[in-house]
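Residue-level listing of the chains:
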Amino acid sequence: MGRLIIDDTTIYEIDEECLSQRMESKRAAEAEKGRRNETRGRVFKTKDLKEKPAP
């Protein structure tokens, strides 16, 4: 059984299992996005290095 929310004359039931699954998938998506940004940042940093000519 989920939580009940009463708003004036309307009653809502929150499905806690569905809510926890949604939050878990959201966390996983954010973690994946963070890993992609971290990798992308490393690639740009190496491209920004300037080579010095040989003496």
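These numbers were taken from a predicted model, which means no experiment stands behind them.

**Concerning the pairing of strand 1 (residues 3-7)**
Right, on to step 1. Note that strand 1 and strand 2 (residues 10-14) share five bridges and pair antiparallel. By the bridge assignment for strand 2, Leu4 is matched with Glu13.
Right, on to step 2. In textbook terms, the turn of a hairpin is the stretch between consecutive antiparallel strands, and for strand 1 and strand 2 this stretch comprises two residues, one of which, Asp8, has a positive phi near 55°.

**Overview of unusual backbone geometry**
Residues other than glycine predominantly adopt negative phi, and peptide bonds predominantly adopt the trans conformation.
Right, on to step 1. Even without being a glycine, Asp8 presents a positive backbone phi close to 55°.
Right, on to step 2. You can see Asp8 is positioned in the loop between strand 1 and strand 2.
Right, on to step 3. Looking at Asp8, the relative accessible area reads 76%, which means it is exposed.

**Some points on the pattern of salt bridges**
Right, on to step 1. For the structure on display, the rule yields two salt bridges.
Right, on to step 2. Glu16 is the partner of Arg3 in a salt bridge, and the nearest nitrogen-oxygen pair spans 3.3 Å. Within this pair, whereas Arg3 is found in strand 1, its partner Glu16 is found in helix 1 (residues 16-47), the two being separated by 13 residues in sequence.
Right, on to step 3. Take Glu16: its relative accessible area is 37%, and that puts it in the partly exposed class.
Right, on to step 4. Between Glu24 and Arg27 there is a salt bridge whose closest N-O contact spans 3.3 Å. Of this pair, Glu24 and Arg27 are both found in helix 1, three residues apart, which corresponds to roughly one turn of the helix.

What counts as what
- Residues numbered from 1 in each chain as written.
- Predicted model: local features only at pLDDT ≥ 70, side-chain atom pairs only at ≥ 80, totals over all residues.
- Heavy atoms only, no water.
- Pairing = 2+ DSSP bridges.
- Helix = DSSP H or I, 4+ residues; strand = E, 2+ residues; numbered from the N terminus.
- Buried < 20%, exposed > 50% of the residue type's maximum accessible area, 1.4 Å probe, protein only.
- Salt bridge = Lys/Arg side-chain N within 4 Å of Asp/Glu carboxyl O.

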